[in-house]
Structures are given as C-alpha cells and as structure tokens.
Amino acid sequence: MLPGMRGYIDPERLNSISTEMTMMSTEMADYSDEYNTSYDYPEDSGICNKDSINNFAKTFMPAFYVLLLLFSLLGNGLVLCVLVKYEYLRSITNIFILNLAVSDLLSAFCLPFWTMHHLTGWIFGDIMCKVVCAMFYTGFYSGIMFLTLMTFDRYLAVVHAVSALRSRKVRYAAITSVIVWGSSILATLPHAIFSTLTEESTCDYIYPKETALPWKLLRYFLQNVLFFVIPFAIIVYCYLRIIQTLIKCRTMQKYRTVKLIFIIVVVFFLCWAPYNVVIFLTALKDLRIFKTCEVINQIEYADFFTLNIAYFHCCLNPLFYAFIGAKFRGHLINLTHKCFPRVGNYKQQTPVIKAHNMDYSDGSTGNDITNNW
C-alpha cells in the first residue's frame, strides 16, 4: 500500500468480502464431503481482518503526522530562509542543503493528505491520489540521494582536498542537483501510474493481474537496494575515510567532528534500516512465504512504526546538516532577533568561519572545512 495509507479498508466493504469468503468456504466444504476429498487451505486467502490495524491508524497516525508536519515545516523552512537571506547559494554545501530541505518539505506536504485518509478515507479523487503519491516518492528518493551527495562532497573536500579543488565547483553541484531531481521523478513514475482510487475509498496500487508481482518486487528493489543499501554503503565508506584522514591531523577539532560523524551515520541507520527490513518482509509476504494472518498483521503494524521513524529523519536533517554549523547558527540568531526584536538583548552576529589548515602526521597539510559542520 501507499505510505500513510496502510491497513485502511472500509469496514462495510470488509464485512461484505468476509461474508462472500465464508459462503465460498461452505460451498467448498460441501463439495469436499460429497466426493470424500479433503483439502488444506492456508489461513491467509488474501483477506485478513484488519479492524485492529484500522483503529490503531485512526487513533495514532493523525496526531503523529501533524507533529511531523509542524517540525518539518519549522526546521526546513528556517533552513530555506537562512539560505535565501544570508548565503545566496555560493557554496556546494549550501546548494545540497537547499535541495535536501526542498525534498523534506515535498514529503511533508503529503502528511495532511495521509492524515485525512486515516480519518475519512481518500476523498481527494483519483488525480490527487497520483499527484500526492508522486510528490511523496520524489521527495523520498531525492532526499536519500542528496544526503549521499553531501557525504561524498565532504569526502572529496577532506580526503582529496587538493585534487578536488577543480571538481568541486558550484555549477557542477547545480548540474548534479538537476540530474538527481530528474532521476527521482523517473523512479517515481511507476508509483504515479499504478496508484489509483479504489472502490473502498483508498488510494492504493492497482497493478495488472498478470504482472502484479514483478511490479511489486521492482518497487521493493528500488526502495531496498537503490535507495538504502547502496547509499548507506557509500555514506559509511566516505565517513570512514574522513575519520581516517582526521585522525592524522593535529587539531583538537577532530574529536568533535568524529563524534558528529558517528552520530550522523548511526541516526541515518536507525531511522531507515527498520523500515527497509519491513519492506523486505513485505516482499516475502507477497511471495507468500508468510501466509498466516497473524504474521501478516504483525508486518502491517511494524510497517506503521518503522515508516514513521523514517519520516522523523526528515525533521532531523536540518539539525545535523545545517544548524549544527557555527555559521548557520549565527544566521539563525540574526534572523530570530530580526523577526522578534524585543526578545532579550541583541547584538548583531557576524559569523566568522575560519579555514583552518590541518597538519597531518605524514607532513602534508589541508583545509579543514569540517569546522563548519
């Protein structure tokens, strides 16, 4: 099912389907008795009672989505304000941070629709079903790629500080950003094509019967491998090389930077790994490795929890990639006091970021841009 729409089935429609299934089972039992033949049917015949999941979603999800929306709008909105007002996109890092904030906001704008869906079903029509689905996955895919690009850019700036001077140009970052957005939209097309308003008033994936399983497995492959395993492997490799380089330098700043790197990697993993494990389990469910309703419902519950943990990472991105830097914090103070001039004593902040030269144990030197983190 689509994000934010898992588990919702119209109770009247569910009761009708359950009645039909019961009648079919009775007819099959009579047929079996007549011909003295026994059959074993799996517990899951495609219809499992999801009343408890529906009640849980209606009770818990709307309030959680509202909180996520507020935090995401506040954090990413402030990032955009600071970048537009003070930074003017004069560095590669700022360009990637801007695009990451837009990606997070794009996904956050879908949360009100998910909220209404849990409360009333999908009331926005078929076109909006496709549009909202495309918006969410465009933000989802592009956000992962921009996080990976930011990590790779830091790797070039720290590990290959001298040789990367020619390649780390603002125009290259702009071109790369366009490619990322184009790739995200391309990867989103199957989601937009197959998401449809159903008879049960849900916005869900409806695949052609003969190709339903291959399309589902392709979607799981994109989310699991291309947009988690590969990016996470790149992020871990880049940060390990950055740590190796920082350890060689003679500066006290390295300990703070290594600690921050560790936190970024751990938080990324904790937010996204559980959701991707559940995606893998969902693929096994569609392959009918799991057949009992008890296991299937447990996967549905796990999907709710892990998806919202992944959502929460969008609120943490501004903290880790923007406001943790001294320069961004200074700009934020200026912006806050300009909007609220009567709050406390205020003195204009002029962020000064020094480019410290790092002396490595092998005698080489480099530019320590990690002090700006």
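Keep in mind the model is a prediction, meaning the values are calculated, not measured.

1. Some points on the overall build of the protein
Point 1. For the protein, the helix and strand inventory stands at ten helices and four strands.
Point 2. Along the chain direction, N to C, the helices and strands of the protein fall in the order α-α-α-α-α-α-β-β-α-α-α-α-β-β.
Point 3. Restricting the contact set of the protein to residue pairs at least 6 apart, pairs at least 24 apart contribute 78%.

2. Let's talk about helix 7 (residues 212-248)
Point 1. A rise of 1.5 Å per residue sets the reference length of helix 7, with its 37 residues, at 54 Å; its end C-alpha atoms lie 53 Å apart and thus fit the reference within 8%.
Point 2. Along helix 7, the helix axis deviates most sharply at Leu222, where the bend reaches about 30 degrees.

3. Some details on the packing of aromatic side chains
Point 1. Under the criterion given, the structure shown has 27 aromatic pairs.
Point 2. When the ring of Phe60 is compared with that of Phe64, the centres are 5.5 Å apart and the planes differ by 20 degrees; the resulting orientation is stacked. Taken together, the residues span about one helical turn, with Phe60 and Phe64 both in helix 2 (residues 51-87) at a distance of four residues.
Point 3. Assessed through its relative accessible area of 33%, Phe60 is described here as partly exposed.

4. What to know about the pattern of salt bridges
Opposite charge on two side chains makes pairing possible when the charged atoms of those side chains draw close.
Point 1. Applying the stated criterion across every chain, the model contains one salt bridge.
Point 2. Between Glu300 and Lys285 there is a salt bridge; the shortest N-O distance is 3.9 Å. One end of the pair, Glu300, is in helix 9 (residues 293-323); the other, Lys285, is in helix 8 (residues 253-286), with 15 residues separating them in the sequence. Just as Glu300 is buried, Lys285 falls in that class too.

5. Quick notes on the state of the cysteines
Point 1. Inspection of every chain in the model, using the stated rule, returns one disulfide.
Point 2. A disulfide bridge connects Cys129 with Cys203, and the sulfur atoms are separated by 1.7 Å. Since a negative S-S torsion denotes a left-handed disulfide, the Cys129-Cys203 link at about 80 degrees is right-handed. Here Cys203 lies in strand 2 (residues 203-205) and Cys129 lies in helix 5 (residues 125-159), a separation of 74 residues in the sequence.

6. Observations concerning empty space enclosed by the protein
Point 1. As enumerated under the stated definition, the model contains four cavities of 30 Å³ or more in all.
Point 2. The wall of the largest cavity is formed by 20 residues, among which Ser107, Phe140, Trp272, Ala310 and Cys314 lie closest to the centre.
Point 3. Considering each element in turn, the lining of the largest cavity owes the most residues, seven residues, to helix 5.
Point 4. Looking at the lining of the largest cavity residue by residue, the classes come out as twelve nonpolar, seven polar and one charged.

7. Here's the deal with unusual backbone geometry
Point 1. With a phi close to 60 degrees, Ser201 is a non-glycine residue in the positive phi region.
Point 2. Examined against the element boundaries, Ser201 turns out to sit in the loop between strand 1 (195-197) and strand 2.
Point 3. Within the chain, Arg288 stands out as a residue other than glycine whose phi angle is a positive 65 degrees.
Point 4. Within the secondary structure layout, Arg288 lies in the loop between helix 8 and helix 9.

8. Some words on the side chain of Thr282
Point 1. Examined against the element boundaries, Thr282 turns out to sit in helix 8.
Point 2. Non-local contacts of Thr282, meaning those with residues more than four positions away in its chain, are made with Tyr220 and Ile299.

9. Points about the confidence of the model for the protein
Point 1. Across the protein, the average pLDDT comes to 78, with 76% of residues at or above 70.
Point 2. pLDDT under 50 marks residues 352-373. Its contacts with residues more than four places away, or in other chains, come to 51 contacts.

10. Describing the environment of Leu83
Point 1. Mapping Leu83 onto the fold places it in helix 2.
Point 2. Remark: the alpha-carbon pair of Leu83 and Ile95, spanning twelve residues in sequence, is separated by 8.9 Å.
Point 3. In contact with Leu83, other than residues within four places in its own chain, are Tyr88, Leu89, Asn94, Ile97, Leu98 and Phe328.

11. A word on helix 10 (residues 326-339)
Point 1. Relative to the 20 Å expected for 14 residues at 1.5 Å per residue, helix 10 spans 20 Å between its end C-alpha atoms, a close match to the ideal helical length.
Point 2. What helix 10 keeps buried is the set Phe328, Gly330, His331, Asn334, Leu335 and His337.

12. Digging into the nonpolar core
Point 1. Leu111, Trp114, Ile242, Phe268, Trp272 and Tyr311 are the most contacted members of the largest nonpolar core, which totals 79 residues.
Point 2. Looking at this core, the element that brings in the most residues is helix 5, giving 16 residues.
Point 3. When residues no more than four places from it in sequence are discounted, the contact partners of Trp272 are Phe140, Ile144, Phe228, Ala310 and His313.

13. Section: a nonpolar patch on the surface
Point 1. Together, Leu218, Phe221, Leu226, Val229, Ile230 and Ile234 make up a nonpolar patch on the protein surface, roughly 470 Å² of accessible area in all.
Point 2. Within the secondary structure layout, Leu226 lies in helix 7.

14. Some details on the packing of helix 5 against helix 7
Point 1. Following both chains from N to C, one finds helix 5 and helix 7 inclined at 20 degrees, their axes separated by 9 Å at the closest point. As far as their axial angle goes, helix 7 and helix 5 are roughly parallel. Considering the relative orientation of helix 5 and helix 7, their crossing is left-handed.
Point 2. Considered class by class, the residues forming the contact of helix 5 with helix 7 number 19 nonpolar, four polar and two charged.

Here is what the cut-offs are and how they apply
- Residues numbered from 1 in each chain as written.
- Predicted model: local features only at pLDDT ≥ 70, side-chain atom pairs only at ≥ 80, totals over all residues.
- Heavy atoms only, no water.
- Helix = DSSP H or I, 4+ residues; strand = E, 2+ residues; numbered from the N terminus.
- Contact = heavy atoms within 4.5 Å.
- Expected span 1.5 Å × (residues − 1).
- Bend = angle between axes of the 7 residues up to and from the residue.
- Phe/Tyr/Trp six-rings, centres within 6.5 Å; stacked < 30°, edge-to-face > 60°.
- Buried < 20%, exposed > 50% of the residue type's maximum accessible area, 1.4 Å probe, protein only.
- Salt bridge = Lys/Arg side-chain N within 4 Å of Asp/Glu carboxyl O.
- Disulfide = S-S within 2.5 Å.
- 1 Å grid on protein atoms, 1.4 Å probe; cavity = no way out; pocket = protein on both sides within 12 Å on 5 of 7 lines; lining within 4 Å.
- Points joined across faces, edges and corners; volume = space filled by probe spheres on them.
- Nonpolar A, V, L, I, M, F, W, Y, C, P; charged D, E, K, R; others polar.
- pLDDT = per-residue confidence, 0-100.
- Core = buried A, V, L, I, M, F, W, Y, C linked by side-chain atoms within 4.5 Å.
- Patch = residues over 30% accessible without salt bridge, like charges linked within 9 Å, V, L, I, M, F, W, Y side chains within 5 Å.
- Areas by Shrake-Rupley, 256 points an atom, 1.4 Å probe, with all protein chains shown as cover.
- Axes fitted to C-alpha atoms, helices over the stretch in contact; angles between N-to-C directions.
- Parallel < 35°, antiparallel > 145°, perpendicular 65-115°, else oblique.
- Left-handed = near helix turned anticlockwise from the far one by under 90°.

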